Structure formats: structure tokens, C-alpha cells
Amino acid sequence: MQQGRAGHSDRRSGSRSGFARRIGISVVGVAVLVTAGLATADGTTPAGALTSGSPVTGAATPGGPTTTTTTVVSPTTTVVTKTGPTSVTTTTTTVAGTPTSVTSTTVTAVTPTTTVPSTSTSTTTSTSTSTTVPRSTTTTTTTTVPVPRTTVPVAAPPSAPSAPTFDTNCAAPATPALQTYLDALPSGAVFRSSSTACYEVTNGIVLHKPISIIGGTFYDPSTARPAVGGLKPIILIQDASQVTISGVSVLGVNTLGNYRPLLVGEAGIKLESSTNVTLTGITAKDTFGDGLELVADLGHRIGTPVSGLTVEGYSTVNAGRQGVTIAEVSGATLDNINVVDSANSAFDFESDIAGLGAGNVSISNCTTDRGINFVETLTGPVTISNCTGFRSLHLHNITTPAQVNVVGGQMDCRRRSPVPCIVQIGGRLTITGVTVQRLPGPTPVTEPMWSVSSGGRLRIVESQLEMGFGIVATGGTVKVVP
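Values in this document were obtained by computation on a predicted structure and should not be read as measured data. Numbers given to residues run from 1 along each chain, matching the order in which its sequence is written. Restriction of local features to residues with pLDDT of at least 70 applies here, the model being predicted, together with a cutoff of 80 or more for giving and counting side-chain atom pairs; totals for whole chains, interfaces and linings are based on all residues. As a convention, hydrogens and water are excluded, and side-chain values are obtained from all of the structure's heavy atoms.

**As for the state of the cysteines**
Count a disulfide wherever a pair of cysteine sulfur atoms falls within 2.5 Å. One pass over the structure, following the stated rule, counts 3 disulfides. Here Cys170 connects covalently by a disulfide to Cys198, the sulfurs 1.2 Å from one another. Sign of the S-S torsion, about -75° for the bond between Cys170 and Cys198, identifies this disulfide as left-handed. Taken together, the positions of Cys170 in the loop between strand S9 (138-146) and helix H2 (178-184) and Cys198 in strand S11 (residues 198-200) put the pair 28 residues apart, joining distant regions of the chain. Starting at the N terminus, helices and strands are each numbered in turn, a helix being any DSSP run of H or I of at least four residues and a strand any DSSP run of E of at least two.

Spelled out as C-alpha cells, the structure:
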């Protein structure tokens, strides 16, 4: 809204004509402003209007006419000037609304005057004459000024992204690019696919915001390291929260499950410094990297672990490195985990950041044919319960007093191995209610069941031990409680 400015109409009248002064003509100007909301019918200021007025004394001729002049400054501002016999008054009126037009009317009226006697001197004759002004002379001028309405440009609403197409056997890339489609979705959106949908996503996709992906297969056909950087995870959840992935398969081309160090960046699903993520009913197969990888974002949030993670049903087959890497994690629950034929460990607790590892982690109801590995720092307790088939359990260089508990389930140690089934270098490990046995076969068993050193404390409580003997060295302790 433009704000009018009260101006001074400094009308300085010179001396009127002698005739006007003699006959004393009085002119009254009446101005009526007809607008949408500029004045009421009785001349009062309408509600919401801002009115200011100040008399300005000019050099108007005494006894002269009074004239009202209306000036339209803007669609919302009007200046009314009254010039009287002795003063000039300017009034500015501003209203909030913008009218569609402004109409101004100026009326000039001449009122009756008195008779003016005229006397002439003569020796013989005396004559009296009078002049009478007509009762009224009115001139009306009406001017209508159209006011154009202000045009406010309205931005067109953003069009919804087109849903990506897919091929039932992943023979063609998803079009348009699935990453572009996901980036365009609002936070909290759900991307749902049919069970036959297969999206080819070369070098993977990245999720940065709260989103749900339900159903579908995501296939990365990459077989070589890119010119810049390494292979990317098939699905990367990076610095995000409230992400849900359910009923999804991630698929690579490492069908032999071989370890290829230049390609291990291709995890099935990888979380970096993300919180409150839920993974349900996931299958990761033939990846060059881990089936599931949980780490801090080394590029942006190096000190922020994964937290608040819930995994319910996750199978990884032919992973080219670990089945599940649990590196920098603070608070995670993993249930119904199945690791088959990973190149290295089934579960690897191994951090690349000094002083920051994993803690408050629970793994339950898991099956695997590989081992469980703890390396370096633990920041809190870890519990593994009701897991079966794991071949070994190793704790290496644990410098913190965090407790590792293995409760229930069954260990199937190899009959012949270069190292014992349980190796503990420092740290605290308690095995409760676990059946520890050797795999069947004709080969005689010669290796010990455990090896504890460097102050490590091993407690075996109410567990069944096949050939329960081992090695204790360098301040280690072993206590078997029947």
C-alpha cells in the first residue's frame, strides 16, 4: 500500500479585480469524491482509513470565493484542497483497499449578493441604480479515472515427478533416473513397487531424507571400479532419519561371493551416521561389499555413529566381504539375521575411528556358517542370543571393559583350524547356555577350544562343551561354571 503524503498547496492569490472586490462575490466549491471505500455518504472518513489534515494559511483574498479541489495521487490516496477567503486547507485521505476506479466531481456555485447602490452627483438630478447577481450559477465537472488492478504473478505448482519405469528382469535401467525421482519426493513419502519390479541402478542410489521404500529389486550391474572413487552401495542411507525400507531385494553380480578389495565399496545397504532407520524383510545377494554396513559418515559427520537402528529379517548371500559390518553404532537391534557364504566374518565389529566403536547392540535369532569378530573398541555392551551355526568367536585388542554376552544357541567349531574356536585378547566375554561343539567328520581334533590372553576374562556358564580344553596365557582367566 502506498502511503500518501500531506502536501501544502501554497496558493498565494494576488489582488482580486476591482469589480470582484466591489460586488463581493462569494464562491463556494463543494467536492464529492465517489470511490470504493474512500469516503462515506455523509463525508466522514471510512473505517480503516488514515486521515491527516493541517490548515495552511495562504494569501487568499478576503471576501473572495471558497474553492474545493480534489487531486487523486494514487489509487489509495486523495488530496483535497480548500481555498477560502483567508486560508488554504489541505487534507490527505488514504484507504487500505485499492479501488477499481476513482471518480472526482467538482461543483462551483455562486450565491446571491446584495444590491450595490450607485450614486452620481448632479445639480439637477439624483439617480439610484442597483446590480443583482443571478441566484446561482452551477458548473459540474465529473472525471472518472480507471485504476488498473495490481497483477501478482502466481507460480505454477511444481509438477509431480513421473514414476520411474522398470523391467521385470532388470534388463534395462529405471527411467527416468530413479535417483532424480526419489530426490523430488517430499519428506515422509512412500515409494511402493510391485514384487516383480526390478530397477537397474548402476552405482546405487542415495537417501538423504525421511522416506519409505516398499517392495522391488534394485540391481547394480557394475563389475569394475569407476574412474573416480570406488563402487557405491546399492542403497546408501546417509545422514538421514526416519527411513524405512521393507520387502526389498538388493542385487549385485558377484555370484561367486569372492573377495575383491577394489570393489568392496558395493554394500547391499549401507548406513552412514543415520538414526531411527527400520529395515524389514531385506535380501542382499551377490554384492562385492558387505551385505549390510553400519558406519559413521567419514566425510561429514565423523564422530556420529548410527543410532536407533531396527532390523527385522535380513538375509545376505555371497557378500564379497562381511555379512554385516557393525563399525560405529550406538543402539541397534537386529533380529532374524541370516548370513550365508560371506567371504569373511558373518558379523564384524570393527571401527576405523579411534575411540569410537559399537555399543548397546543386540543380535538375536541369527543363523550363519561364518564367524563373529570383535576388533578394537567397544563403547557399550553387545549381546548375541539364540544364534546358531557360527564357526568361531574372536575378540582382538579390546581395550575397553565393555561386556560381550553370548546367550543360547549353538557354535559349530571346525574340526581343524589354525586357531582355536574362541580367541580372546583382552576384554570380557561370557558364554551362557550355549552348546559349543565340533563339526562332524573323520578328521581328528587337535586344536584347543579356546585361547585367552592379555588380561582377557572368559566365563562359560551352564554350557555344553565338546572337548572343553584350551590355553590361558599372559594374565588371562577362564572360568567354567557347570
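What follows picks up the thread again.
**Thoughts on the packing of aromatic side chains**
Classification of ring pairs uses Phe, Tyr and Trp, with its six-membered ring standing for Trp, and accepts pairs whose centres are within 6.5 Å; under 30 degrees between planes counts as stacked, over 60 as edge-to-face, and the remaining range as tilted. Under the definition given, this model contains 5 aromatic pairs. Plain terms: the ring middles of Phe349 and Phe374 are 4.5 Å apart, the flat faces sit at 15° to each other, and that makes the pair stacked. Placement of the pair is Phe349 in strand S24 (residues 347-350) and Phe374 in strand S27 (residues 372-375), with a sequence separation of 25 residues. Aromatic rings pair up to connect Phe166, Tyr181, Phe191, Tyr199 and Phe218 into one cluster.

**A closer look at the pairing of strand S19 (residues 278-285)**
Only when DSSP finds a minimum of two bridges between them are two strands counted as paired. Bridge analysis of strand S16 (residues 244-246) against S19 gives 3 bridges, and the strand direction is parallel. Residue pairing in the sheet places Ile245 in a bridge with Leu279 of S19. Bridging between strand S17 (residues 249-251) and S19 involves 3 bridges; their strand directions are parallel. Opposite Val250, over in S19, you have Ala284 as the bridge partner. In this sheet, strand S21 (residues 306-317) lies alongside S19 in parallel orientation, the contact comprising 7 bridges. Bridging across to S21, Leu279 finds its partner in Val311.

**A closer look at the confidence of the model for the protein chain**
Residue-level confidence of the predictor is what pLDDT reports, using numbers from 0 through 100. Taken as a whole, the protein chain shows an average pLDDT of 78; of its residues, 67% reach a score of 70 or greater. Residue contacts follow a heavy-atom distance rule, with two residues in contact if any of their heavy atoms lie within 4.5 Å. Here residues 1-61 is modelled with pLDDT under 50, and outside its nearest four sequence neighbours on either side it reaches 133 contacts, counting other chains as well. Note on residues 104-134: pLDDT under 50 across the span, and 63 contacts to partners over four residues away in sequence or across chains.

**Looking at the nonpolar core**
Ranked by size, the top nonpolar core spans 74 residues in total, and within it Phe218, Ile235, Ile237, Ile269, Leu279 and Phe347 carry the most contacts. The greatest single-element share of this core, amounting to 7 residues, is contributed by strand S29 (residues 393-413). Once residues lying within four places of it in the same chain are set aside, the contact partners of Ile235 are Ile205, Leu207, Phe218, Ile245, Val248, Val250, Gly268, Ile269 and Lys270. The criterion is simple. A nonpolar core is a set of buried Ala, Val, Leu, Ile, Met, Phe, Trp, Tyr and Cys residues joined through side-chain atoms within 4.5 Å. The cut-offs for exposure are 20% and 50% of the maximum accessible area for each residue type, with area from a 1.4 Å probe on protein chains only; residues under the lower value are buried, those over the upper are exposed, and the others partly exposed.

**So, the environment of Ala172**
Along the chain, Ala172 turns up in the loop between S9 and H2. Separated by 29 residues in sequence, Ala172 and Val201 have C-alpha atoms that sit 9.5 Å apart. Contact partners of Ala172, with chain neighbours within four places excluded, come to Asp167 and Glu200.

**Thoughts on the side chain of Gln322**
Assignment of secondary structure puts Gln322 in the loop between S21 and strand S22 (324-326). Setting aside anything within four residues of it in sequence, one finds Gln322 in contact with Gly289, Asp290, Gly291, Ser342, Asn344, Ser345 and Asp348.

**Concerning the pairing of strand S18 (residues 269-272)**
What you see with S18 is no split at all: Ile269 and Leu271 on one side and Lys270 and Glu272 on the other are buried throughout. Across 4 bridges, strand S15 (residues 235-238) lies against S18 in parallel orientation. Bridged to Ile235 within S18 is Ile269. Pairing between S18 and strand S20 (residues 292-295): 4 bridges, direction parallel. Paired with Lys270 across the strands is Glu293, a residue of S20.

**A short note on the environment of Asn169**
Tracing the chain through its elements places Asn169 in the loop between S9 and H2. Take Asn169: its relative accessible area is 56%, and that puts it in the exposed class. A C-alpha to C-alpha distance of 8.8 Å links Asn169 and Tyr199, two positions 30 residues apart in sequence.

**Quick look at unusual backbone geometry**
Glycine aside, residues mostly have negative phi angles, and peptide bonds mostly take the trans form. Even without being a glycine, Asp239 presents a positive backbone phi close to 50°. Along the chain, Asp239 falls in the loop between S15 and S16. Residue classification places Asp239 among the partly exposed residues on the basis of a relative accessible area of 26%. Positive phi, close to 60°, is recorded for Asn318, a residue that is not glycine. Relative to the assigned elements, Asn318 resides in the loop between S21 and S22.

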